[in-house]
Amino acid sequence: MKGKRVLMSNNLTQNKINEELINNFVNFLDVAPKTAQTYCKAMKQIFNFLRGHGIKTPTRESIIAFKKELQGKGRKASTIALYLSSARRFFSWTEQSGIYPNIARDVKAPKIDKGHKKDYFTSSQLKSILTGIDRSNIEGMRNYAMLSLMVTGGLRTIEISRAKIEDLRTVGGVPVLFIQGKGKTSKSDFVKLCPKVNEAIRTYLKIRGCVDTKETLFASLSKRNMGQSLTTRSVRGIAKLAMLNAGFNSNKLTAHSLRHSAVTLALLGGETLEEVQHFARHSNISTTQIYAHNIDRMKSTCENTIANSIF
């Protein structure tokens, strides 16, 4: 085992071997490209930490020190948890392969707050955001159609980026958009298009003059990426600008707030937890219950009851 520890030490401190080792690890897991990128990013962060601190033979204390450094830099608990999860899985693989012991075993991740840190919009606020979009040009038509879809369908930015024209279909006489949801490898889910949203999308596509259904649904208009899919970053930027133009300036309001709002408004409107879970494509109903809990908390009059009894 001693010889193997030395081999691992070299792997951890030499860039060329680091990449090879990570690739071997990812290939062993046989995961989706997006997941592979996540593991690669996490492991490179850990290797950079070890190299930066001159640690040639890492131990469990090294991983704990890495965690504390991330906490000291103010990194999110979810990010730290992701890195530590990657480390545990990586070193579990090295131990199984006889390369290096699992030094990350039982290193605890910081507790993640499961509450929502983003605000949601009321129906009137959403209306002001959408009506504030200038639809006199194709860019405005695209943005209006896209944000209307995000608001009513609760779509994530990645689902918007992946959407193709051919994904617009009809199910049981109802217009729908098939989407590739989070963690999915195929477009097996769909969202129903209400008449106003369907009309907005069709109007945009008519002005755009598309004929190839294989093309992206919401295309970039920049000279550099003309006709290509909007990146998730672009979608976030478009959503944020629409919010700012409507007078909503807060770092708590993001593109995800549109999805957050859709789920919240569905529950406020009387939809059941199960219905909203399917609508939002939550893999676990506990995620949907967080929204319901927040709504119940806002409806509570406990504070006023206590205050009235005192004052």
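Residues numbered from 1 in each chain as written. Predicted model: local features only at pLDDT ≥ 70, side-chain atom pairs only at ≥ 80, totals over all residues. Heavy atoms only, no water.

Peer 1: Whenever I open this one, the overall build of the chain confuses me. Can you help?
Peer 2: For the chain, the helix and strand inventory stands at 14 helices and three strands. Along the longest, intermediate and shortest principal axes, the C-alpha atoms of the chain span 70 × 70 × 35 Å. Taking all 311 residues of the chain together, 39% fall into the buried category. Long-range pairs, those at least 24 residues apart, make up 56% of the contacts in the chain between residues at least 6 apart in sequence. Accessible surface, the chain as shown: approximately 18000 Å² in total, 51% of it carbon and sulfur. If you average the places of the 49 positive and of the 23 negative side-chain charges in the chain, the two averages end up 6 Å apart. (Helix = DSSP H or I, 4+ residues; strand = E, 2+ residues; numbered from the N terminus. Buried < 20%, exposed > 50% of the residue type's maximum accessible area, 1.4 Å probe, protein only. Contact = heavy atoms within 4.5 Å. Areas by Shrake-Rupley, 256 points an atom, 1.4 Å probe, with all protein chains shown as cover. Lys, Arg positive; Asp, Glu negative; His and termini not counted. Charge placed at Lys NZ, Arg CZ, Asp CG, Glu CD.)

Peer 1: I keep staring at the nonpolar core and nothing clicks. Help me out?
Peer 2: One broad trend across soluble globular proteins is that nonpolar side chains are buried collectively. Among the nonpolar cores identified, the biggest contains 40 residues, and Leu149 and Leu177 are the most heavily contacted of them. Taken together, the elements giving at least two residues each to this core come down to helix H6 (123-131), helix H7 (138-153), strand E2 (174-179), helix H9 (195-208), helix H10 (232-245) and helix H11 (255-268). Considering every element that reaches this core, the biggest residue donor is H7, with eight residues. Among the nonpolar cores identified, the runner-up in size contains 30 residues, and Met43, Ile80, Trp93 and Ala104 belong to it. (Core = buried A, V, L, I, M, F, W, Y, C linked by side-chain atoms within 4.5 Å.)

Peer 1: How should the pairing of strand E3 (residues 189-192) be read in this particular structure?
Peer 2: Within a regular strand, the side chains alternate between the two sheet faces. Where burial is concerned, the two faces of E3 differ: the one with Asp189 and Val191 is buried and the one with Phe190 and Lys192 is not. By the bridge criterion, four bridges tie E2 to E3 in an arrangement that is antiparallel. Among the inter-strand pairings, Leu177 is bridged to a residue of E3, identified as Val191. (Pairing = 2+ DSSP bridges.)

Peer 1: What is the right way to look at the environment of Ser85 in this model?
Peer 2: With respect to the helices, strands and loops of the structure, Ser85 is situated in helix H5 (residues 77-96). Measuring from C-alpha to C-alpha, the distance between Ser85 and Ala109 comes to 8.1 Å, with 24 residues separating the pair along the chain.

Peer 1: Got a minute to help me understand the packing of H7 against H11 in this structure?
Peer 2: Packing of H7 against H11 brings their axes to within 6 Å, and their N-to-C directions diverge by 40°. Relative to H11, H7 is oriented oblique. Facing H7, whose interface residues are Leu147, Met150 and Val151, H11 presents Ala255, Leu258 and Ala262. Its residues assigned to classes, the contact of H7 with H11 comprises six nonpolar, no polar and no charged. (Axes fitted to C-alpha atoms, helices over the stretch in contact; angles between N-to-C directions. Parallel < 35°, antiparallel > 145°, perpendicular 65-115°, else oblique. Nonpolar A, V, L, I, M, F, W, Y, C, P; charged D, E, K, R; others polar.)

Peer 1: Got a minute to help me understand the pairing of strand E1 (residues 168-171) in this structure?
Peer 2: Bridging between E1 and E2 involves four bridges; their strand directions are antiparallel. Counted as the bridge partner of Thr170 is Pro175 from E2. In this structure, the hairpin formed by E1 and E2 is closed by a connection of two residues, where Gly172 is found at a positive phi of approximately 60°.

Peer 1: Teacher, can you tell me more about the environment of Ser148 here?
Peer 2: Within the element layout of this structure, Ser148 appears in helix H7. With 53 residues separating them along the chain, Ser148 and Ile201 place their C-alpha atoms 9.1 Å apart. The residues contacting Ser148, other than those within four sequence positions of it, are Leu130 and Val197.

Peer 1: Explanation requested: the pattern of salt bridges in the structure shown.
Peer 2: Side chains that differ in charge, positive against negative, can pair when their charged atoms come close. Going through the model one piece at a time under the given rule, you end up with seven salt bridges. The salt bridge involving Glu159 is made with Arg281; its shortest N-O contact spans 3.0 Å. Here Glu159 is found in helix H8 (residues 157-162), whereas its partner Arg281 is found in the loop between helix H12 (273-280) and helix H13 (285-299), with 122 residues between them in sequence. Glu159 sits in the buried class, given a relative accessible area of 1%. (Salt bridge = Lys/Arg side-chain N within 4 Å of Asp/Glu carboxyl O.)

Peer 1: Which parts of the structure should I look at to understand a nonpolar patch on the surface?
Peer 2: There is a patch of nonpolar side chains on the surface, built from Ile306, Ile310 and Phe311 and spanning about 410 Å² of accessible area. When you line up the elements, Phe311 lands in the segment after helix H14 (302-310). Look at Phe311 and you get exposed, because its relative accessible area is 83%. (Patch = residues over 30% accessible without salt bridge, like charges linked within 9 Å, V, L, I, M, F, W, Y side chains within 5 Å.)

Peer 1: Got a minute to help me understand the sheet that holds E1 in this structure?
Peer 2: Paired through backbone hydrogen bonds, the strands of a sheet run either parallel or antiparallel to each other. Spatial strand order, E1-E2-E3: three strands in an open sheet with antiparallel pairing. Edge strands, defined here as strands with exactly one partner in the open sheet, are E1 and E3. Here the average twist between neighbouring strands, direction ignored, is 45°.

Peer 1: How should I be thinking about the environment of Ala292 in this particular structure?
Peer 2: Within the fold, Ala292 resides in helix H13. Relative accessible area serves as the criterion here: at 17%, Ala292 is assigned to the buried category. Ala292 sits 250 residues away from Ala42 along the chain, and the two C-alpha atoms are 33 Å apart.

Peer 1: Any chance you could explain H11 here in plain terms?
Peer 2: Side chains three or four residues apart in an α-helix point the same way, a direct result of the helix having 3.6 residues per turn. The terminal C-alpha atoms of H11 lie 20 Å apart, and with 14 residues this matches the ideal 20 Å at 1.5 Å per residue to within 8%. In terms of burial, H11 is a largely internal element, 11 of the 14 residues being buried. Among the residues of H11, Ala255, Ser257, Leu258, Arg259, His260, Ser261, Ala262, Val263, Thr264, Ala266 and Leu267 are the ones counted as buried. In this structure, the buried side of H11 is in contact with H6, H7, H8, H10, H12 and H13. Phi for Gly270, located one or two positions after H11, is positive at around 105°. (Expected span 1.5 Å × (residues − 1).)

What is shown is where atoms sit, not what they do.
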